Amino acid sequence: MSRIGRLPVEIPAGVQVELTGSKVRVKGPKGELHREFSKLIDIKMEDNQLKIARASDNPEERALHGTTRAVLANMIHGVSKGFEVVLEVEGVGYRAEMEGKNLALFVGYSHPVKIEPPVGISFETDAKTRQIKVLGFDKELVGQVAANVRNVRPPEPYHGKGLRYLGEKVRRKAGKAGKGAK
C-alpha cells in the first residue's frame, strides 16, 4: 500500500469539494480548480476528509494512488493558502520591476523583457532583496511560470549572473587560466 496514498486529505474550513465520479472541483478563498482523475482510483469524501483507494496492486494503479492523493492535497492547499516560488536576480545592472501587473526584466539584453502573468498568477518584486515572487493557487502553473521567468536568463557558470531559484546552487567554472608559458 502506498504510504502517501493511504493518508487522508484534510479539507480546511472555507474550502468546498465537489465529487462527480472521477471529476473533482475544489473551491476556496484563493480560487477554483477542477481536474479529472483516473477511473482506476476511487476518491471518497468522509467526515471532512478525502480518502483515496485503489482496487488492486496492479502497477498502473499503484503508480496513480500516491500521485492522485498528492495532486488533490496540492489543489486543496492552493485554493486555501496558495503557492509561491521565489527567484533571485544576480548580476551587475540586472533588476526586475513591476509595470502594472506585468513583470519587466532588465537582464543584460538591449531591451527589457516583459512578461504578462497568466490568469491566476501574480508577480511581486523587491528591489532591496532583488527577488521576484511568483504567486498563485495552481501549483503546476506557478512552477511553470517561474521556470519560464528563469529561462529568460538562466544562471551562467562563469560569473553566476542570471535568474535563479531562491537557494539554488550554481556550479561555477574556473574560466580562462590566463597567459601561460609557451
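Above this note sits the structure.
Within each chain, residues carry numbers counting from 1 in the order of the written sequence. Owing to the predicted nature of the model, reporting of local features is limited to residues with pLDDT of at least 70; listing and counting of side-chain atom pairs is limited to 80 or more, with chain, interface and lining totals taken over all residues. Values shown for side chains rest on all heavy atoms present in the structure; no hydrogens or waters enter the calculation.

**Student:** Run through the nonpolar core, naming residues and quoting values.
**Tutor:** Side-chain atoms within 4.5 Å link the members of a nonpolar core, which is a set of buried Ala, Val, Leu, Ile, Met, Phe, Trp, Tyr and Cys residues. Throughout this description, buried means an accessible area under 20% of the type-specific maximum (1.4 Å probe, protein chains only), exposed means over 50%, and partly exposed covers the range between. In this structure, Leu103, Leu105, Ile115, Ile132, Val134, Val149 and Leu163 are the most contacted members of the largest nonpolar core, which totals 20 residues. Comment: elements are numbered from the N terminus, with helices defined as DSSP H or I runs of at least four residues and strands as E runs of at least two. Mapped by element, the contributors of at least two residues to this core are β7 (83-90), β9 (102-106), β10 (113-115), β11 (121-126), β12 (131-136) and α2 (139-150). Whether two residues are in contact is decided by their heavy atoms, any of which lying within 4.5 Å being enough. If we skip the residues at most four places from it in the chain, Leu105 touches Arg95, Ala96, Pro112, Val113, Ile115, Ile132, Val149, Val152 and Leu163.

**Student:** Provide a residue-level description of unusual backbone geometry, including the pertinent values.
**Tutor:** A negative phi angle characterises most non-glycine residues, just as the trans form characterises most peptide bonds. The phi dihedral of Asp47 falls on the positive side, at around 30 degrees, and the residue is not glycine. Along the chain, Asp47 falls in the loop between β5 (41-46) and β6 (49-54). Despite not being glycine, Asn48 has its phi angle at roughly 60 degrees, a positive value. Its location among the elements puts Asn48 in the loop between β5 and β6. On the basis of relative accessible area, Asn48 is assigned to the partly exposed category, the value being 49%.

**Student:** Which residues make up helix α1 (residues 59-80), and what values go with them?
**Tutor:** A helix's residues, less one, multiplied by 1.5 Å, set its expected span. Taking 1.5 Å per residue, 22 residues should reach 32 Å; α1 reaches 33 Å between its end C-alpha atoms and fits that length. Every buried residue of α1 is accounted for by Glu61, His65, Gly66, Thr68, Arg69, Val71, Leu72, Ala73, Met75, Ile76, Gly78 and Val79. The distance from a side-chain oxygen at the start of α1 to the backbone nitrogen of Glu60 is 3.0 Å, and the residue carrying that oxygen is Asn58. At the C-terminal side of α1, Gly82 shows a positive phi close to 90 degrees. Any N or O atom pair separated by 3.5 Å or less is treated as a polar contact, with the protein-specific requirement of one donor-capable and one acceptor-capable atom, and with residues adjacent in sequence counted only for side-chain atom pairs.

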